[in-house]
Amino acid sequence: MLTLDRLSKIYANGTQALSDVTMGVAPGEIVALVGGSGCGKTTLLRLASGLEQASGGRVAVDGDIISAPHPDVGIVFQEPRLLPWLTVAQNIAFGVEHLPKAERDARVDEALLRVGLAGYGPRWPRELSGGQAQRVAIVRALVARPKVLLMDEPFSALDALTRASLQDHLLALWEAHRPTLLLVTHDVEEAAALADRAIVMQPRPGRVFKDIPIDLPRPRDRLSHDFAEAKRAILAALDGSLGNPHSSPRRISVPSGASW
Ligand code: ADP
């Protein structure tokens, strides 16, 4: 269980990025953090990963306080950040070098198979497309089997079709060991496609505005009425978080894959 308890962050220049954020993410749950620019999403993720220190409150995983990078918490950034001098397999195995070679190789092969990259182990990062490289980055974060995976807009640099396919690959990987997933996204479609809950944040200072359950079975039908309703609920909350409670219907009918 990932718990954020009365978390706050004031940067050295006096900016209050987060104020009193409390939330829990259950084991195996997928939560999407959505909100306008500057509402503290990235700050929240950096605090949860131990890369940044909180000014108040605490982050814990199963009761262990997270105040520095921790093996139970993996993180995936917007760009893949693969090491160019290592092959795909070596990049992935980097964080599990303590495992016996046979176990390490088996985990790498199994994970590559799940994301449609069987046989890509000996390739170099420069030989991969953007979508393939990001799949490798996700595999690398999950191969150590962290309890929690944090993702900061992991698909935002990709085109809409690649993004949808990577969301499916992410779910295929998540299925294997069901880590807790906390994902920052500005894409309402992505939140509805992946998450059990969308937490909408509000800026100045960053805080939770609304917690929206997305109670749809998986695999999700992106063309269904219920899916459209889930997107509509998130969009309406986003509008509310920016002080526009009377959002227009035109604003609500986003095309598939559109970003907010
Ligand atoms: P989001 O990810 O939702 O866009 P951020 O967490 O990046 O929000 O930023 C929240 C607020 O904190 C913004 O006002 C931003 O300008 C400020 N901020 C972020 N990082 C720093 C920093 N290192 N120093 C000072 N202010 C920062």
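Refer to the preceding data block for the structure.
In this report, the structure presented in the accompanying data block is examined. (Residues numbered from 1 in each chain as written. Predicted model: local features only at pLDDT ≥ 70, side-chain atom pairs only at ≥ 80, totals over all residues. Heavy atoms only, no water.)

1. Side note on the site of the ligand
Part 1 of the reasoning: With respect to spatial proximity, the complete set of residues near the ligand consists of Y11, N13, T15, A17, G36, S37, G38, C39, G40, K41, T42 and T43.
Part 2 of the reasoning: T42 places a main-chain nitrogen or oxygen 2.9 Å from an oxygen atom of the ligand.
Part 3 of the reasoning: Summarising the interface, the protein chains cover 61% of the accessible area of the ligand, which totals 560 Å² for the free molecule.
Part 4 of the reasoning: Its residues assigned to classes, the shell around the ligand shows three nonpolar, eight polar and one charged. (Near = heavy atom within 4 Å. Polar contact = N/O pair within 3.5 Å; in protein donor to acceptor, adjacent residues only side chain to side chain. Areas by Shrake-Rupley, 256 points an atom, 1.4 Å probe, with all protein chains shown as cover. Nonpolar A, V, L, I, M, F, W, Y, C, P; charged D, E, K, R; others polar.)

2. Considering the environment of R145
Part 1 of the reasoning: With respect to the helices and strands, R145 occurs in the loop between α4 (130-142) and β7 (148-152).
Part 2 of the reasoning: Separated by 72 residues in the primary sequence, R145 and V73 place their C-alpha atoms 9.0 Å from one another.
Part 3 of the reasoning: Contacts of R145, omitting those with residues within four sequence positions, involve R107 and H177.
Part 4 of the reasoning: At 3.1 Å, the side chain of R145 and the side chain of H177 are in polar contact. (Helix = DSSP H or I, 4+ residues; strand = E, 2+ residues; numbered from the N terminus. Contact = heavy atoms within 4.5 Å.)

3. A few points about empty space enclosed by the protein
Part 1 of the reasoning: Applying the stated criterion across every chain, the model contains one cavity of 30 Å³ or more.
Part 2 of the reasoning: Estimated volume of the largest cavity: approximately 30 Å³.
Part 3 of the reasoning: Every residue lining the largest cavity is listed: E153, F155, S156, R163, T185, H186, D187 and E190.
Part 4 of the reasoning: Each residue belonging to the lining of the largest cavity can be placed in one class, and the counts come to one nonpolar, three polar and four charged. (1 Å grid on protein atoms, 1.4 Å probe; cavity = no way out; pocket = protein on both sides within 12 Å on 5 of 7 lines; lining within 4 Å. Points joined across faces, edges and corners; volume = space filled by probe spheres on them.)

4. Side note on the environment of A141
Part 1 of the reasoning: Mapping A141 onto the fold places it in helix α4.
Part 2 of the reasoning: Between the C-alpha atom of A141 and that of V76, which follows or precedes it by 65 residues, the distance is 6.7 Å.
Part 3 of the reasoning: Each residue touching A141, except ones within four places of it in the same chain, is listed here: I75, V76, P146 and L149.

5. Remarks on the sheet that holds strand β2 (residues 16-25)
Two orientations exist for strands paired in a sheet by backbone hydrogen bonds: parallel and antiparallel.
Part 1 of the reasoning: As summarised here, the arrangement of the four strands in space is β2-β1-β4-β5, forming an open sheet in which the pairing is antiparallel. Two strands in the sheet have a free side with no partner beyond their single neighbour: β2 and β5 (64-65).
Part 2 of the reasoning: Lying over the sheet, helix α1 (residues 41-49) contacts β1 (2-10), β2 and β4 (56-61), oriented at roughly 60° with respect to β2. (Pairing = 2+ DSSP bridges. Axes fitted to C-alpha atoms, helices over the stretch in contact; angles between N-to-C directions.)

6. What about helix α5 (residues 160-177)?
Part 1 of the reasoning: In this model α5 runs 27 Å from its N-terminal to its C-terminal C-alpha over 18 residues, within 8% of the 26 Å that 1.5 Å per residue would give.
Part 2 of the reasoning: Residues of α5 that are buried include every one of R163, L166, Q167, H169, L170, L171, L173 and W174, and no others.
Part 3 of the reasoning: In this structure, the buried residues of α5 make contact with β3 (30-34), α3 (101-114), α4, β7, β8 (180-184) and α6 (188-194).
Part 4 of the reasoning: Put simply, D159 is the residue that caps the front of α5, since its side-chain oxygen is 3.2 Å from the backbone nitrogen of L161. (Expected span 1.5 Å × (residues − 1). Buried < 20%, exposed > 50% of the residue type's maximum accessible area, 1.4 Å probe, protein only.)

Everything listed here is a matter of coordinates, which is why it stays silent on function.
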